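Here is how the chains run, residue by residue.
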Amino acid sequence: GNSVTQMEGPVTLSEEAFLTINCTYTATGYPSLFWYVQYPGEGLQLLLKATKADDKGSNKGFEATYRKETTSFHLEKGSVQVSDSAVYFCALKGSNNDMRFGAGTRLTVKP
Amino acid sequence: DAGVTQSPTHLIKTRGQQVTLRCSPKSGHDTVSWYQQALGQGPQFIFQYYEEEERQRGNFPDRFSGHQFPNYSSELNVNALLLGDSALYLCASSWDTGDNSPLHFGNGTRLTVT
């Protein structure tokens, strides 16, 4: 079945550092890929998405490119801020329409 | 425009009891999905409701059941509670069945089973 494997954390960075969180997936067909973010005490919020190969999703300085050849959707940001501290989830939505999530990566950014 | 709302926010139950969690989807959304998120884990798919029918189901026992009402709101019922059912239960809604339709999540119900 469909699944997502996500780089486990926690990840601790200094402000303005470069961020990469790895995500790979296994799926039949052509899934849509998502990154969600969960701030402390809140529900999950959509960060960005990509619906087909080579699409790049972007939002709030974060980017991820749908790589079908490597079945990956790595999240990147060039310069993180303290306010980016949260848990990040990679997710996949397949043809059967249910969303599968990775285990999450906790990011802490220190000033 | 209200987003996805869930009630209650917190709940404490005893083993063997039954619990009902409630969810109102975002306005205009017709599909509701339920997820269980254990501490430090990603959300696990329980089931999805569309047109008042269970359309998809994850790997959860029959103790977990649900319902969707004509106004698209939904309930999650868990019978014979176990300690391992302690988790954050998330409701998510979406507005169509297309692959590019993201889920909108509520803030969840924190269930503690003692």
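Scroll up to find the structure this text is about.
(A) Here's a closer look at the interface of chain B and chain A. Facing 22 residues of chain B, the contacting portion of chain A comprises 23 residues. Taking both sides of the interface into account, the surface hidden between chain B and chain A amounts to around 1,700 Å²; carbon and sulfur atoms contribute 48%. The interface formed by chain B and chain A contains zero salt bridges. Run the count over chain B and chain A and you get five residue pairs in polar contact (both at pLDDT 80 or more). Among the elements of the structure, strand S4 (31-37), strand S5 (44-50), strand S6 (53-57) and strand S9 (87-94) of chain B are those that each provide at least two residues to the side of chain B that touches chain A.

(B) Broad picture of the nonpolar core. The biggest cluster of nonpolar side chains holds 26 residues, and the ones touching the most others in it are Trp35(A), Leu47(A), Leu48(A), Phe73(A), Leu75(A) and Tyr88(A). Within the residue set of this core, elements represented by two or more residues are strand S2 (11-14), strand S3 (19-21), strand S4 (23-26), strand S5 (32-38), strand S6 (44-50), strand S8 (62-65), strand S10 (86-93) and strand S12 (105-110) of chain A. Considering every element that reaches this core, the biggest residue donor is S10(A), with four residues. With sequence-adjacent residues up to four places away left out, Leu75(A) is seen in contact with Leu19(A), Thr20(A), Ile21(A), Trp35(A), Leu47(A), Leu48(A), Phe62(A), Glu63(A), Ala64(A) and Tyr88(A). Counting residues in each nonpolar core, the second largest holds 20 residues, with Leu11(B), Val32(B), Phe47(B) and Leu111(B) among its members.

Thresholds, definitions, all that
Residues numbered from 1 in each chain as written. Chains lettered and ligands numbered in written order. Predicted model: local features only at pLDDT ≥ 70, side-chain atom pairs only at ≥ 80, totals over all residues. Heavy atoms only, no water. Contact = heavy atoms within 4.5 Å. Buried area = accessible area lost by both parts, 1.4 Å probe. Salt bridge = Lys/Arg side-chain N within 4 Å of Asp/Glu carboxyl O. Polar contact = N/O pair within 3.5 Å; in protein donor to acceptor, adjacent residues only side chain to side chain. Helix = DSSP H or I, 4+ residues; strand = E, 2+ residues; numbered from the N terminus. Core = buried A, V, L, I, M, F, W, Y, C linked by side-chain atoms within 4.5 Å. Buried < 20%, exposed > 50% of the residue type's maximum accessible area, 1.4 Å probe, protein only.

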